[in-house]
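# Inside the fold
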Amino acid sequence: AKTDKKSKYRIFETQMDVEVRERRRVATDLRRAISRTELEVHYQPQVSFINGEVQGYEALVRWQHPELGHIPPDRFIAIAEETGQISEIGRWVLERACQEATTWQNDEKIAVNVSSHQLRSLRFVDMVETAIINSGIDPRRLELEITESVLVQNPEMTMEIIHNINKMGVAVALDDFGTGYSSLSYLAKYKFQKIKIDRSFVQGIGGNAECNAIIDSIVSLGRSLNTIVTAEGVEEIWQLSQLQSAGCDQGQGFLFGKPAKDVDEFNKGSDRQIQ
Ligand code: C2E
Ligand code: CA
Ligand code: CA
Ligand code: CA
């Protein structure tokens, strides 16, 4: 039994080594990725539940590694947050998304994810201003998505940053709403222009009565606070009809389109499942 335990422990140790090595490699290669433009921005449409129009796109970073192929953000964003590389990545994504959005035909909004690491200093506001000036984008087209974790870690600084960002005409959306810390007091303190219902609730529609109830409450909360409510991860037509009857304003998900490099693809498709 003793040797059994030992060998199991050795296997465990080896897996940890592999993980540590992998994380180190991601961090090292990420440095090169940023400088050699292995990164790309893809765009996923946000569709109105009233008329089926694409109202905006969320910018999602993509990494095409020369040897390892496509590495999804879930495998490198967390590491980049630990190493601080997320600031440089985030700045690059913001600059790139603003530039590309100015070439779109229909002036849709552009939503960019912001990591809590980026919101630790007021210099973030200058960075946003620089991206607006460099691209020449109308700031009212820009929207920044933040998660609740930043409100917990750094409430005063975040409050000031959101205030300054709103003053420029840029909107702020609360991402992944309903997960994590989810204190309702945040909604009272910070005036978000948009709340995004986390995909986990949308995926529970139908099979899980609690999910329907939570979606209904978020929508009525949004109504009272005069905030746009977006549903994430809409994959099925019956999820869409449930969200529509709940009074949700817009949605994003594979039903409408997967993230893609070229937004003109979405403009071609006339059938958006909304009636
Ligand atoms: P998120 O901000 O919640 O982004 C939505 C994620 O859901 C995206 O995953 C998107 O591809 C995926 N998604 C969209 N519709 C559906 C659907 O119908 N079904 C399913 N199953 N998934 C759907 P992605 O692109 O892999 O990004 C994962 C996370 O990585 C993002 O979650 C965000 O937290 C982070 N991320 C991505 N790009 C950036 C970035 O530029 N900066 C920062 N800080 N984080 C980013
Ligand atoms: Ca997001
Ligand atoms: Ca989200
Ligand atoms: Ca998420």
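It should be noted that the structure appears before, not after, this text.
Values in this document were obtained by computation on a predicted structure and should not be read as measured data. (Residues numbered from 1 in each chain as written. Chains lettered and ligands numbered in written order. Predicted model: local features only at pLDDT ≥ 70, side-chain atom pairs only at ≥ 80, totals over all residues. Heavy atoms only, no water.)

### Description of the overall build of the protein chain
Inclusion rule: The numbering of helices and of strands both runs from the N terminus, where a helix is a DSSP run of H or I of at least 4 residues and a strand a run of E of at least 2. Radius of gyration here uses only the C-alpha atoms, and the compact-globule reference equals 2.2 Å multiplied by the residue count raised to the power 0.38. Whether two residues are in contact is decided by their heavy atoms: any pair within 4.5 Å suffices. Only the protein chains shown count as cover for residues, and all accessible areas are computed by the Shrake-Rupley method using a 1.4 Å probe. His residues and chain termini do not enter the charge count, which takes Lys and Arg as positive and Asp and Glu as negative. The atoms used to mark charge sites are NZ of Lys, CZ of Arg, CG of Asp and CD of Glu.
A count of helical and extended segments in the protein chain gives 11 helices and nine strands. At 20 Å, the protein chain has a C-alpha radius of gyration in line with the 19 Å of a compact globule built from 275 residues. A principal-axis box enclosing the C-alpha atoms of the protein chain has dimensions of 65 × 50 × 45 Å. Put simply, 67% of the contacts in the protein chain that link residues at least 6 apart link residues at least 24 apart. For the protein chain, the accessible area works out to roughly 14500 Å², and carbon and sulfur atoms hold 50% of it. Side chains of the protein chain carry 32 positive and 40 negative charges; the gap between the two charge centres is 7 Å.

### Concerning the packing of helix α3 (residues 86-101) against helix α4 (residues 123-135)
What counts is decided by this rule: Axes here refer to lines fitted to C-alpha atoms; in helices the fit is confined to the stretch in contact. Angles between the N-to-C directions go from 0 to 180 degrees. An angle below 35 degrees is treated as roughly parallel, one above 145 as roughly antiparallel, one from 65 to 115 as roughly perpendicular, and anything else as oblique. By definition, turning the near helix anticlockwise from the far helix through less than a right angle yields a left-handed crossing, and turning it clockwise yields a right-handed one. Gly is placed with the polar residues, together with every amino acid not listed as nonpolar (Ala, Val, Leu, Ile, Met, Phe, Trp, Tyr, Cys and Pro) or charged (Asp, Glu, Lys and Arg).
The contact between α3 and α4 brings their axes to 9 Å, and the two run at 30°. Considering the angle they form, α3 stands roughly parallel to α4. Judged by the twist between their axes, the crossing of α3 over α4 is right-handed. Listed contacts from α4 to R91, L94, E95, C98 and Q99 of α3 are M127, V128, T130, A131, N134 and S135. Residues belonging to the contact of α3 with α4 are distributed by class as follows: five nonpolar, four polar and two charged.

### Description of the nonpolar core
Considering soluble globular proteins, one finds that nonpolar side chains tend to be buried as a cluster. Stated precisely, the cut-off is as follows: Take the buried residues of types Ala, Val, Leu, Ile, Met, Phe, Trp, Tyr and Cys, join any two whose side-chain atoms come within 4.5 Å, and each joined set is a nonpolar core. Each residue gets one of three labels from its accessible area relative to the maximum for its type: buried under 20%, exposed over 50%, partly exposed in between, using a 1.4 Å probe on protein chains only.
If you look at the biggest cluster of nonpolar residues, it comprises 77 residues, and the most contacted ones within it are I110, L142 and L144. Examining the composition of this core, we find that eight residues originate from one element, α3, more than from any other. In this structure L142 touches L94, C98, I110, V112, V128, I132, V170 and A171, once residues within four positions along its chain are discounted.

### Description of the side chain of E108
Here is the rule: For salt bridges, the criterion is a side-chain nitrogen of Lys or Arg within 4 Å of an Asp or Glu carboxyl oxygen.
By secondary structure assignment, the location of E108 is in the loop between α3 and β4 (109-113). At 5.0 Å, R141 is the nearest oppositely charged side chain to E108, a buried residue that forms no salt bridge. Excluding residues within four positions of it along the chain, E108 makes contact with V54, Q55, G56, Y57, R141 and N267.

### Digging into the coordination of the calcium ion (ligand 2)
Going by this rule: Distances define the donors: N, O and S atoms within 2.8 Å of the metal qualify, as do those within 3.2 Å of Na, K or Ca. Water is excluded, so some sites may look unfinished.
Only E58 (OE), N113 (OD1), E145 (OE) and D175 (OD) from the protein reach the calcium ion (ligand 2) as donors, at distances of 2.2 to 2.4 Å. A spacing of 3.8 Å is found between the calcium ion (ligand 2) and the calcium ion (ligand 3), which share D175 as a donor. Placement of N113 in strand β4 and of E145 in strand β5 (residues 142-146) is noted, with a sequence separation of 32 residues between them.

### Here we look at helix α2 (residues 73-83)
What counts is decided by this rule: In this context, the arc is that of the directions from the helix axis out to the C-beta atoms.
Of all the positions in α2, only F76, I79 and A80 are classed as buried. End-on, the buried residues of α2 take up no more than an arc of 105°, which puts them together on one face. Turned more than 90 degrees from where α2 packs its buried face, D74 and E82 sit exposed. Just beyond α2, the residue with positive phi is G84, at close to 90°.

### Notes on the coordination of the calcium ion (ligand 4)
Protein-derived ligands of the calcium ion (ligand 4) are D176 (OD) and D176 (OD), with the metal-ligand distances lying across 2.9 to 3.0 Å. A spacing of 3.8 Å is found between the calcium ion (ligand 4) and the calcium ion (ligand 3), which share D176 as a donor.

### Concerning the site of ligand 1
Counted only if it meets this: We call a residue near a molecule or strand as soon as one heavy atom of that residue lies within 4 Å of the molecule or strand. Side-chain atoms alone can form a polar contact between residues adjacent in sequence; in general such a contact is a pair of N or O atoms within 3.5 Å, and within protein one must be able to donate a hydrogen while the other accepts it.
Neighbouring ligand 1 are 22 residues; Q44, R62, R199, E235 and F254 lie closest to it. Within the contact set of ligand 1, an oxygen atom lies 3.3 Å away from a side-chain nitrogen or oxygen of D176. Measuring from an oxygen atom of ligand 1, one finds a side-chain N or O atom of R199 at 2.7 Å. When residues of the shell around ligand 1 are traced back to their parent elements, those giving at least two are β2 (54-65), α2, α3 and β6 (171-177). Here the shell around ligand 1 takes four residues from β2, the largest share from any one element.

### Focus on the side chain of Q85
Its location among the elements puts Q85 in the loop between α2 and α3. Among the residues examined, Q85 registers a relative accessible area of 11% and is labelled buried. A polar atom in the side chain of Q85 sits 2.9 Å from the backbone oxygen of A27. If we ignore the near neighbours within four places in the chain, the residues touching Q85 are A27, L30, R31, I34 and A80.

In short, shape yes, function no, at least from these values alone.
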